[in-house]
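Here's the letter readout for the chains.
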Amino acid sequence: AASAALGSGGGCSPAGSGGGSVPVLFCFSVFARPSSVPHGAGYELLIQKFLSLYGDQIDMHRKFVVQLFAEEWSQYIDLPKGFLVSERCKVRLVPLQIQMTTLGNLTPSSTVFFCCDMQERFRPAIKYFGDIISVGQRLLQGARLLGIPVIVTEQYPKGLGSTVQEIDLTGAKLVLPKTKFSMVLPEVEAALAEIPGVRSVVLFGVETHVCIQQTALELIGRGLEVHIVADATSSRSMMDRMFALERLARTGIIVTTSEAILLQLVADKEHPKFKEIQNLIKASAPESGLLSKV
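Residues numbered from 1 in each chain as written. Predicted model: local features only at pLDDT ≥ 70, side-chain atom pairs only at ≥ 80, totals over all residues. Heavy atoms only, no water.

The name recorded for the protein in an unreviewed UniProt entry is Isochorismatase domain-containing protein 1, from Trogon melanurus.

Quick look at the sheet that holds strand β7 (residues 150-155) now. Pairing is parallel in the open sheet, where 6 strands are placed in the order β8-β7-β6-β9-β10-β11. For this open sheet the edge positions go to β8 (174-178) and β11 (254-256), each flanked by a neighbour on one side alone. Across the sheet, the axes of successive neighbouring strands diverge by a mean angle of 20°, strand direction being ignored. The pairing of strand β9 (residues 200-206) with strand β10 (residues 225-234) spans 6 bridges and is parallel. Looking across to β10, one finds that Leu203 is bridged to Ile228. Contacts between helix α4 (residues 186-194) and the sheet are confined to β6 (111-116), β7 and β8, with β8 contributing the most and set at about 160° to the helix. (Pairing = 2+ DSSP bridges. Helix = DSSP H or I, 4+ residues; strand = E, 2+ residues; numbered from the N terminus. Axes fitted to C-alpha atoms, helices over the stretch in contact; angles between N-to-C directions. Contact = heavy atoms within 4.5 Å.)

Right, let's talk about helix α2 (residues 129-146) for a bit. The end-to-end C-alpha distance of α2, which contains 18 residues, comes to 26 Å, matching closely the 26 Å that a straight helix rising 1.5 Å per residue would cover. Taken together, the buried positions of α2 are occupied by Phe129, Ile132, Ile133, Val135, Gly136, Gln137, Arg138, Leu139, Leu140, Gly142, Ala143 and Leu146. Looking at the buried side of α2, the elements it contacts are β6, β7, β9, β10, α7 (258-266) and α8 (274-282). One or two steps after α2, the chain reaches Gly147, where phi turns positive at roughly 70°. (Expected span 1.5 Å × (residues − 1). Buried < 20%, exposed > 50% of the residue type's maximum accessible area, 1.4 Å probe, protein only.)

The next point concerns the pattern of salt bridges. Applying the stated criterion to the full structure yields 12 salt bridges. The partner of Lys178 in a salt bridge is Asp117, and the shortest N-O contact between them spans 2.9 Å. On the criterion of sequence distance, the pair formed by Lys178 in strand β8 and Asp117 in the loop between β6 and α2 is long-range, its members being 61 residues apart. Lys178 gets classed as buried once you look at its relative accessible area, which sits at 4%. For Glu189, the salt bridge goes to Arg222, with nearest N and O atoms at 2.7 Å. With Glu189 in helix α4 and Arg222 in the loop between α5 (208-221) and β10, the pair connects residues that are 33 residues apart, well separated along the chain. (Salt bridge = Lys/Arg side-chain N within 4 Å of Asp/Glu carboxyl O.)

Below, the discussion takes up the side chain of Glu207. With respect to the helices and strands, the residue Glu207 is situated in the loop between β9 and α5. A distance of 3.0 Å separates a polar side-chain atom of Glu207 from the backbone nitrogen of Arg236. Those residues in contact with Glu207 that lie beyond four places of it in its chain are Ile126, Ile212, Ser234, Ser235 and Arg236. (Polar contact = N/O pair within 3.5 Å; in protein donor to acceptor, adjacent residues only side chain to side chain.)

Okay, structure coming up:
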């Protein structure tokens, strides 16, 4: 993931009005590529553009800082807090010298589960929906056993119905309606800010190539580590699902399975909840062919 350091000043003014796109020179390592972003774009859109331009060169095991070329200093400075692109400018992505040695490590105290749009109206349309319901319910049971916060969204529930009855939302920290595809709503951001030391999000639901993908990209743009549960995530089209998972894996998102997640969270046979987690895993649904479509 990339993280922006805070600074002051800048070669592009941090405020302005107007629309359209603004030319920006994106620099990384020895590369410099001209492109453009919408007027008023902020840190997240700059990160997404860097990933689209240099995804093959960026080592996602590193942390990065985004810097802006400041004319008044004739050098790069850390991207100012609240920066918005309003005029032509030059930015660069700089790898920090520390390795993310915790990449992929999950602990209950620093993890949140996101359950995305597992709603009744999707039942006939989503491939292997019964299987992902079963796995999703098992994940939520595991979250309750381990004391992991759960955030649930429902896409336009007035038209698409509530979360399916098979999924028990008892104890969920938030259950929110949304119209935005991404789960990263202001209420979700506020909830994350209230959880001390949160580092990892375990994400599952539908659809892989829409709400799951957009949520994952927004979360890594905020510096969080994202684990997508492949056997609890699906779409109407297996092609859409496959290419979404491939794209997300290339950006440094971890594509994994429910059993791997649950056993990584307990980590030790001597964990006081190991037997209960083991029983959840033993009660897993039969192989559906879903994972062969990753």
